Amino acid sequence: MTTRTFRITVRGAFDELTDAQRAGLLADAAEHDVLRAAFTPEGTLTYDIAARPAFVFRFSDSGEDEEDILEATERAEAAAKAWLTERGYGFKHLRSSAEDLSQAPMGKRQRRAARSNGA
């Protein structure tokens, strides 16, 4: 059986931040810049608190069956909630989306490589 790779995105908004929390997020903003975004097993957080209170966590996970994506999404949401809660950040409007990379359409380079391997 092959292993499937999942990319899970958990989006939300910070809620009712204190001045100290906002200042802390601003101080750490460079570490959470979108240019550092990556899908990782432990999750990568990005935000721009100076512009808006929204945040995005990016997680990678894997499974053997197509249905495993549901459990992976639940794990990602739980990890995002735990990270926020451990730091005392309020949040709202949490929503998730997930993609099974085995089902993603091939890019131009992948199609070209598939044609050359079949020849």
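Basis of the calculations
- Residues numbered from 1 in each chain as written.
- Predicted model: local features only at pLDDT ≥ 70, side-chain atom pairs only at ≥ 80, totals over all residues.
- Heavy atoms only, no water.
- Patch = residues over 30% accessible without salt bridge, like charges linked within 9 Å, V, L, I, M, F, W, Y side chains within 5 Å.
- Areas by Shrake-Rupley, 256 points an atom, 1.4 Å probe, with all protein chains shown as cover.
- Salt bridge = Lys/Arg side-chain N within 4 Å of Asp/Glu carboxyl O.
- Lys, Arg positive; Asp, Glu negative; His and termini not counted.
- Charge placed at Lys NZ, Arg CZ, Asp CG, Glu CD.
- Buried < 20%, exposed > 50% of the residue type's maximum accessible area, 1.4 Å probe, protein only.
- Helix = DSSP H or I, 4+ residues; strand = E, 2+ residues; numbered from the N terminus.
- Pairing = 2+ DSSP bridges.

Draft legend 1. Main features of a positive patch on the surface. A cluster of basic residues, Lys108, Arg109, Arg112 and Arg115, forms a positive patch on the protein surface. Residue Lys108 is classed as exposed on the basis of its relative accessible area of 60%.

Draft legend 2. Just the pairing of strand S2 (residues 44-47), in detail. The alternating pattern of S2 places Thr44 and Thr46 and Leu45 and Tyr47 on opposite faces, both of which are buried. By the bridge criterion, four bridges tie S2 to strand S3 (residues 54-63) in an arrangement that is antiparallel. By the bridge assignment, Leu45 is partnered in S3 with Phe57. Taking the residues that link successive antiparallel strands as the turn, the S2-S3 hairpin has six residues.

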